[in-house]
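# Residue-level structure breakdown
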Amino acid sequence: LVWREVLEESSTNGVQALFSEGRFMSRHGLVSASLSLALAAVCATGSQADPPRFETDIAPILRDHCFKCHGAEVRNGGLDLRTVAAILHGGDTGAAVVPGKSGESLIVEQISSRAMPPAKDAKLSDLEVATVRGWIDAGARGESHVGPSGARAATTWWSFHPPRRPQIPAVRQAEQVRNPVDAFLLARLEAKGLSFSPEASRLTLLRRLCFDFWGLPPTPEQTDQFLTDTRPDAVERLINSLLASPRYGERWGRHWLDVAGYADSEGILDADYERAAAWRYRDYVIRSFNADTPYDRFLQLQIAGDEVVDYPAVFRTRKTLGPEVVEALVATGYLRCASDTSRPDFVNIKNAPGYYYQTLEDTMKIVASSVMGLTLQCAKCHSHKYDPLTQEEYYRVQAIFMSGYRPAHWVPQVERKLSEATACQQAEASAYNASIDRQVAELNAKAQALKTAFATRLFDDRLAKLPEPIREDTRLALAAKPGQATDVQKYLAAKFGAVLHPPEKELNGLLEGMYPDYKAQAAGIVATVARLQSTKRAFPEIRAFYDLPGDAKTPILKRGDYTQPGALVRPGVPLALETAQPFSWSPPPADAPTSGRRLALAKWLTQRDHPLTARVMVNRIWLLHFGEGIVSTPDNFGRTGALPDHPELLDWLATEFVARGWSVKAMHRLILNSTAYRQVSQLDPSSPAHAKAKRADPEDRLLWRQRMRRVEAEVLRDSMLAISGVLNRRMFGAPVSLVNKGDGEVVAPADASGLRRSIYLNVRRSQPLTLLQSFDQPVMETNCTRRDVSTVASQALNLLNSDTSMKYAEALARRVENVGPESAVARAVRLALDRPARPAERSALDLFLGTQTELYARLLAKAKSEPTAAERQQGRHRALTDLCQMLLSSNEFAYVD
Amino acid sequence: LSFIFSNRVHFMAIRGHREILPDPTRREALSRLGGGFGGLVLAALLGESPARSDVPAGERGRLDQHPRPLHHPPRAKAVIQLFMHGGPSHVDLLDPKPILTKRDGQPPPKEVADDEKLTGNLLGSPYRFTRHGESGLALSETLPFIGRHADDLAVVRSMFTMHRNHEQAIWAMHTGMTVAGRPTLPAWVAYGLGTENQDLPAYVVLPDLKGLPVDGIRNWSNGWLPPVYQGTPFRAEGAPVLNLKPRNPRPADIEEGRLKLLAQLNVDHRNRHPEELELDARIASFELAARMQLSATDALDLSRESARTRALYGLDQEVTRSYGIRCLMARRLVERGVRFVQLFMAGQPWDTHANNAAGTRACCEATDLPIAGLLTDLKQRGLLEETLVVWGGEFGRTPGAQGKDGRDHHPYGFSVWLAGGGIRGGQTYGATDDFGYHAVADRCHVSDLHATILHLLGLDFQRLKFAREGRDERLTDVYPAKVLKRLYS
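As the structure is a computational prediction, the values presented were derived from the model and not from experiment. (Residues numbered from 1 in each chain as written. Chains lettered and ligands numbered in written order. Predicted model: local features only at pLDDT ≥ 70, side-chain atom pairs only at ≥ 80, totals over all residues. Heavy atoms only, no water.)

## Brief notes about the overall build of chain B
Check the secondary structure of chain B and you find 15 helices and 17 strands. Counting all 489 residues of chain B, 62% fall into the buried class. Total accessible area computed for chain B in this model is approximately 17700 Å², and 51% of it derives from carbon and sulfur atoms. (Helix = DSSP H or I, 4+ residues; strand = E, 2+ residues; numbered from the N terminus. Buried < 20%, exposed > 50% of the residue type's maximum accessible area, 1.4 Å probe, protein only. Areas by Shrake-Rupley, 256 points an atom, 1.4 Å probe, with all protein chains shown as cover.)

As structure tokens, this is what we get:
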């Protein structure tokens, strides 16, 4: 057991004897974490002198033993032991603690005499009592005390130590083991007298694999081919061919975009401004999964792509950026996913830093939850109550991103962008554009002169048409200075002024109508200007993250409040995470164009033995193939998260992931070629093995069968499109704009772009596609580390009654009507459910089609007694559409076995 | 299924009328349905909780909106929230400040000068205040009809909130904090209480047909609570619920044929997947959808209301019709057991940065009569006792003038009112300073208001929790909220 290893490691510090005092958690049979932390207090490596800390050492002890009666809900004796302030305040009998004097502290009296906890409750161990004493004697300091920099907060919590490669366990039923994944699972099953379920049918496997890798059902051709492939490695071949398809990147890219919190709009404000170039990051993610970019590289580019490829140097010295640099810059879009509604005019508002800090904090939350599996955000206002993460460490991590997101010198989101060009290209372009601007200015001046000349001509021509006696008087009247005009002149000016000097906005049209010469010449100039303007050089925008010039100063914020800045901190990472290579960063020269902070983080995160990086990712892959993670809280590997169901398997997979060059596709092959993955998911009531397994492990945590899963929102929509034969497979590019119908429903546009896969639809946070939203597409307030599966009536209403659902059903009906020898009904079932219709089902469907056709035909015939042949045909089409719609609404369509 | 369609009325628990058939008959009738459906579905139709062993404890709350046990006896069973987007001007409506009129146009004393310097000299109220009822509650002349209910109103004059921008203040008022993405108060209530009528959503919102309120669909978000607790928007015209009916309605026999086929497919599939409760839940959701076609349509069929009632809500006048329809819809929904109804106006009409006098008056003219009608109607039907009505926006407006005649956002002191649901009427609670700037006496944080509303519904704000990301979340989060006992005792 990994747990034992952790403890055995501790035993080198001479505390093995304490093992016997540990309490055991019933469900997992694992050593209580409180013991781990108590141990930590005394065996803190290299920091024996450090006093215990409240957050990491004391609070866990109090939580395990005392909170039940002195906590949030119950406060016996008026005593609340949850915070230092509350402890110092004490209860009815006074302060629980006298700082610096454990001998005079009530709490010590109570716990060391074993008066508390009362009665049969487990008492504190000597070690725990000693830890509490040590903390009091050192001053009983709490949240505001962030500890000396550089001190390692030791912990024995499993996920804070590197995964160790466990031995592959021996099992009795060796024939069930396709690869080590099975050995780890089977060993646990056998210990309970259980085993795997039988292998699923070929058809079930095919569907499961297609949905897992593509998010689309198999085509009839794929089905025929796979079902007739008798080669022993047919499944492996299928897996390889699915992984090689571009559809794979669209499916797995979507999973990553969930955890990255991808959106095409800025959020926060009601305006929810659209993001111009975010989609290039979406395309980068799809391409990376298709190319099987090693996960370490994938992370490095997303966190520090600009620094990895040394963008500033390339920008200064090269002719062009080149595709590698462009890709690296686009990848940093990961750090631009968080909501950011900042506008240039925000500098004037009082609470602007509140908006800026939120973007910074959301970005940190995205990185911590997606890559590290840490609830780092809990340490923003005070040190983490459960995990060994101090408030100072939170701000050290913040200092890493402060290099670019700097509330003190914020760059509004619309201005925070790079262009796809080097300095040399930009200089060349601006020189060229300036010359165009000059030419355009000259041409505009020419056009103006032309207009003035013709305006004079118009004046003369119209004046000439006035009766001779008043011509000169009128001319003089219009030329007279205001205030000096006589009454007669005023009259003449009022009467003829507008005719002789037409208002500027009407002048051009008038001249064009009166003088063909003018029209031709003016049009010529306009055309030349337009042509010149179109030759101006512009470069595509990249929504990148990059450092701002100058030194980024990062204060600790008291209680997380930006109006209360405290001491400054240097960039860093949580010290409790045990890594071979420490976070290594030193301040760059003052004139350095980038700080190297993010590169240091990327390197630290992607080192081979990082305790979290590989574990978190393999757990995510596992979750997406089995419907449940080995750790069921994929974003929280801390003490408030779930413990791994199979800790050794998790560590074996994590080390294997790194050994295989961080290849995600290699992990798919490994996991999917297991016996475990290929089991049936259905419970067999007649099977004694299942009956036994159900009793021993009702929740299937040990994986004695696969898990039935509902398809996600995007998969549902994409599958409907595919089955109806209308799916537009075009990849990449700007997102498809959605249409708000005005009654509250948001739909895809009616043209071909509206038939593209869901990943290419515009993700406007305030305006999600109604169909996707109702099926639990996440609302991206920050990010989504795990999809909800809800079942609500609005989903049913959408499938039964929406125009969209009707449209897809009708497309399917047209697809199956009058084709080939197979009946429409049989073909519809085969397309929608990938299997032949069963006999009883077939007759029910035929009966439905007959009855419903008759009803529709009579409806169309209205008052007439007998429907015509055409009406019958149309009735049959409608009935068939109904049949298709019910197939697409059925549970079998929405669930994968 | 034909039973569901033809005998729909038997399922409806109309509060105050109690037209439910005796249980045995109902059970017997339902058993005709039972053959093809899961036990869970049957139980749901009977309004019973599923058998305890059927559903894992953690999942039960995610599947349904059945009534749940309360923390203490409730005073209110339902809430109608009249949300006033933009921030109504407290000093012009509910909190008279004669000194503003006296010093109109003069610079404010330092302690009440605008800290962002966006407003300048004091601006007297353009309206007169009059005293109403036995209590003598002072209300603006622009609220003559609501004034008739003065003895039922409790005006909280000491509200304050945490932000002076619309979105953040709206989130605070709806969700307890100034961050986006949290569940709204009604979502918490639906989660905590469930609802009495399983044929209608627990949480219904009534937006203006003219457009969404500011902040759009986030106004009724379930946040990270299960989506079953999200607000369902009902429309005042056409189909009340999105996709409740197809564009071209189908004759009943055709509709029935479709649903029967779907049921056949699903039952066959479920029989091949024993003990997969999700499948039962999905079957039940389609059945609820079918029932909603009738229940929602019926609930919103205002043609059944008498001309007198329609006039009471102002449906016969152009200026009040739109808000009146929604007030009447709210009464019909609450009457049918909907737990929480929110009314919204389009955009943010109370946001009177310029010409406050005309803007505020226009808002009052559109809403005063309908709201008074709602209070009258609830009262005459005996519903006001158990229905809490809450009126207010995300903040108030500055005592100083913005530009010539406008008022800016103001979070430091403002007013809301409550009525019904156990509220002791005819009282004011707390006070702002002489200028209406700071809440000074009995200050009431938005969390206090939330705690009080939950309390009236039988929920303890400290015990209403949802575990997420390793933390117990609460509507009031870590704010030291207090229940405003004086409002109801």
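On we go.
## Some remarks on the overall build of chain A
Scanning chain A from N- to C-terminus turns up 36 helices and 10 strands. With respect to the three principal axes, the spread of C-alpha positions in chain A is 125 × 85 × 60 Å. Put simply, chain A has 897 residues, and 57% of those count as buried. Restricting the contact set of chain A to residue pairs at least 6 apart, pairs at least 24 apart contribute 71%. About 36700 Å² of surface is accessible on chain A, with carbon and sulfur atoms providing 55% of the total. Of note, chain A has its 111 positive side-chain charges centred 2 Å away from the centre of its 104 negative side-chain charges. (Contact = heavy atoms within 4.5 Å. Lys, Arg positive; Asp, Glu negative; His and termini not counted. Charge placed at Lys NZ, Arg CZ, Asp CG, Glu CD.)

## Details of the packing of aromatic side chains
Within this structure, the stated rule accounts for 36 aromatic pairs over all chains. Relative to Trp252 of chain A, the ring of Tyr248 of chain A has its centre 6.4 Å away and its plane inclined at 25 degrees; by these criteria the two rings are stacked. Of the two residues, Tyr248 of chain A and Trp252 of chain A are both situated in helix α11 (residues 246-260); the distance of four residues between them amounts to about one turn of the helix. Take Tyr248 of chain A and Trp252 of chain A: they sit in the same class, and that class is buried. Between Trp188 of chain B and Tyr191 of chain B the ring centres are 6.0 Å apart and the planes differ by 70 degrees, which places this aromatic pair in the edge-to-face class. Note that Trp188 of chain B and Tyr191 of chain B are positioned in helix α9 (residues 185-193) at a spacing of three residues, about one turn of the helix. Here Trp188 of chain B matches Tyr191 of chain B in class, with each residue buried. Of the aromatic side chains, those joined through ring pairs into one cluster are Trp256, Tyr262, Tyr281, Tyr284, Phe289, Tyr295, Phe298, Tyr334, Phe657 and Trp662 of chain A. Positioned above the aromatic ring of Tyr677 of chain A is the side chain of Arg208 of chain A, whose terminal nitrogen or guanidinium carbon lies 5.7 Å from the ring centre. The ring of Trp157 of chain A has Arg639 of chain A lying over it, and the distance from NZ or CZ to the ring centre is 5.7 Å. (Phe/Tyr/Trp six-rings, centres within 6.5 Å; stacked < 30°, edge-to-face > 60°. Lys NZ or Arg CZ within 6 Å of the ring centre and 35° of its normal.)

## Points about the interface of chain B and chain A
Tallying the contact residues gives 62 residues for chain B and 69 residues for chain A. Around 5700 Å² of area is buried between chain B and chain A when both sides are counted, 54% of it from carbon and sulfur atoms. On the chain B side of the contact with chain A, Asn243, Arg258 and Arg282 of chain B bury the most area, a combined 13% of that side's loss. Joining chain B to chain A, the criterion identifies six salt bridges. The residue Asp882 of chain A makes a salt bridge to Arg258 of chain B at a minimum N-O spacing of 2.8 Å. Viewed at the interface, chain A and chain B are joined by 23 residue pairs in polar contact (both at pLDDT 80 or more). Listing elements by their share of the side of chain B that touches chain A, those giving two or more residues are α8 (166-175), α10 (252-271) and α11 (277-299) of chain B. Among the elements that line the side of chain B that touches chain A, the one with the most residues is α10 of chain B, at 12 residues. (Buried area = accessible area lost by both parts, 1.4 Å probe. Salt bridge = Lys/Arg side-chain N within 4 Å of Asp/Glu carboxyl O. Polar contact = N/O pair within 3.5 Å; in protein donor to acceptor, adjacent residues only side chain to side chain.)

## Remarks on the pairing of strand β7 (residues 340-343) of chain B
All names here are of chain B. Here β7 shows two buried faces, one formed by Phe340 and Gln342 and the other by Val341 and Leu343. As paired elements, strand β1 (residues 78-83) and β7 share four bridges and run parallel to each other. Residue pairing across strands places Leu82 opposite Leu343, the latter belonging to β7. The sheet contact formed by strand β5 (residues 203-206) and β7 spans four bridges and is parallel. (Pairing = 2+ DSSP bridges.)

## Considering the side chain of Glu394 of chain B
Residues and elements named next belong to chain B. Structurally, the position occupied by Glu394 is in the loop between β8 (387-392) and β9 (396-397). Here Glu394 is buried and forms no salt bridge, its nearest opposite-charge partner Arg397 lying at an N-O distance of 6.7 Å. At 3.4 Å, the side chain of Glu394 and the backbone nitrogen of Gly87 are in polar contact. Here His166 takes part through its side chain, which lies 2.8 Å from a polar atom of the side chain of Glu394. Aside from chain neighbours lying at most four places away, what touches Glu394 is Phe83, Met84, His85, Gly86, Gly87, Thr161, His166, Ala169, Ile170, Met173, Gln348 and Phe414.

## Observations concerning helix α9 (residues 220-227) of chain A
All names here are of chain A. Considered for burial, the residues of α9 that qualify are Pro220, Gln222, Thr223 and Phe226. Take α9 and look down its axis: the buried residues cluster within an arc of 160 degrees, on one side only. In α9, the exposed positions angled more than 90 degrees off the buried face are occupied by Glu221 and Gln225. Its buried side turned inward, α9 meets α8 (202-213), α10 (234-244) and α33 (824-833). (Arc of directions from axis to C-beta.)

## A short note on the confidence of the model for chain A
Residues and elements named next belong to chain A. Looking at chain A, the pLDDT average stands at 87 and 93% of residues meet or exceed 70. For the stretch residues 1-48, pLDDT sits under 50, and the model shows 78 contacts to residues farther than four places along the chain or on other chains. Within the model, pLDDT remains below 50 along residues 144-152, and this stretch shows 18 contacts once partners closer than five positions in the same chain are excluded. (pLDDT = per-residue confidence, 0-100.)

## Concerning the environment of Ile239 of chain A
Residues and elements named next belong to chain A. With respect to the helices, strands and loops of the structure, Ile239 is situated in helix α10. With 15 residues separating them in the primary sequence, Ile239 and Asp224 have C-alpha atoms 16 Å apart. Excluding residues within four positions of it along the chain, Ile239 makes contact with Leu209, Phe213, Arg669, Leu672 and Asn673.

## Concerning the nonpolar core
Trp256 and Leu653 of chain A together with Leu82 and Trp417 of chain B are the most contacted members of the largest nonpolar core, which totals 260 residues. Non-local contacts of Leu653 of chain A, meaning those with residues more than four positions away in its chain, are made with Val181, Val618, Trp622, Ile630, Met667, Leu670 and Ile671 of chain A. With 52 residues, the next largest nonpolar core counts Phe83, Val189, Phe395 and Phe414 of chain B among its residues. (Core = buried A, V, L, I, M, F, W, Y, C linked by side-chain atoms within 4.5 Å.)

## Some points on the environment of Val680 of chain A
Residues and elements named next belong to chain A. The topology assignment puts Val680 in the loop between α27 (675-678) and α28 (688-696). The sequence separation of Val680 and Gln706 amounts to 26 residues, and the corresponding C-alpha distance is 5.7 Å. Look past the residues within four positions of Val680 in its chain and what remains in contact with it is Ser197, Pro198, Glu199, Ala200, Arg208, Arg705 and Gln706.

## Let's talk about unusual backbone geometry
Residue and element names in this part refer to chain A. Cis geometry marks the peptide bond from Met116 to Pro117; its omega dihedral reads -10 degrees. Take Pro117: it is sitting in the loop between α5 (106-112) and α6 (126-137). Positive phi outside glycine occurs at Arg114, with the angle close to 65 degrees. Classification of Arg114 as partly exposed rests on a relative accessible area of 30%.

## A few points about the state of the cysteines
Here a disulfide denotes a covalent bond joining the sulfur atom of one cysteine to the sulfur atom of another. All names here are of chain A. On inspection of all chains with the given rule, the structure shows zero disulfides over all chains. Just so you know, Cys69 is unpaired, no disulfide at all, and the nearest cysteine sulfur is the one on Cys66, 8.8 Å from it. Not engaged in a disulfide, the cysteine Cys784 finds its nearest cysteine sulfur in Cys337; these two sulfurs lie 13 Å apart. (Disulfide = S-S within 2.5 Å.)

## Considering the side chain of Ser295 of chain B
Position of Ser295 of chain B relative to the elements: it lies in helix α11. Within the local environment of Ser295 of chain B, its side chain forms a polar contact with the backbone oxygen of Asp199 of chain B, the two atoms lying 2.9 Å apart.

## Quick notes on the environment of Leu225 of chain B
All names here are of chain B. Note on placement: Leu225 falls in the loop between β5 and β6 (232-233). Along the backbone, Leu225 and Trp171 are 54 residues apart, and their C-alpha atoms lie at a distance of 16 Å. Aside from chain neighbours lying at most four places away, what touches Leu225 is Pro183, Ala187, Trp188, Tyr191 and Phe466.

## Points about the packing of α8 of chain A against α11 of chain A
Residues and elements named next belong to chain A. Relative orientation of the contacting elements α8 and α11 amounts to 70 degrees, with a least axis distance of 7 Å. It follows from the interaxial angle that α8 and α11 lie roughly perpendicular. Residues Phe211, Asp212 and Phe213 of α8 form the contact with α11, whose participating residues are Arg247, Tyr248, Arg251 and Trp252. Classifying every residue of the contact of α8 with α11 by side-chain character gives four nonpolar, no polar and three charged. (Axes fitted to C-alpha atoms, helices over the stretch in contact; angles between N-to-C directions. Parallel < 35°, antiparallel > 145°, perpendicular 65-115°, else oblique. Nonpolar A, V, L, I, M, F, W, Y, C, P; charged D, E, K, R; others polar.)

## Points about the pairing of strand β2 (residues 129-132) of chain B
Remember that side chains alternate between the two faces of the sheet whenever the strand is regular. Residues and elements named next belong to chain B. Sheet topology places β2 next to strand β3 (residues 137-140); four bridges connect them, and they run antiparallel. From the neighbouring strand, Thr130 faces β3, where its bridge partner is Leu139. Connecting the antiparallel pair β2 and β3 is a turn made up of four residues, with Gly133 showing a positive phi of about 65 degrees.

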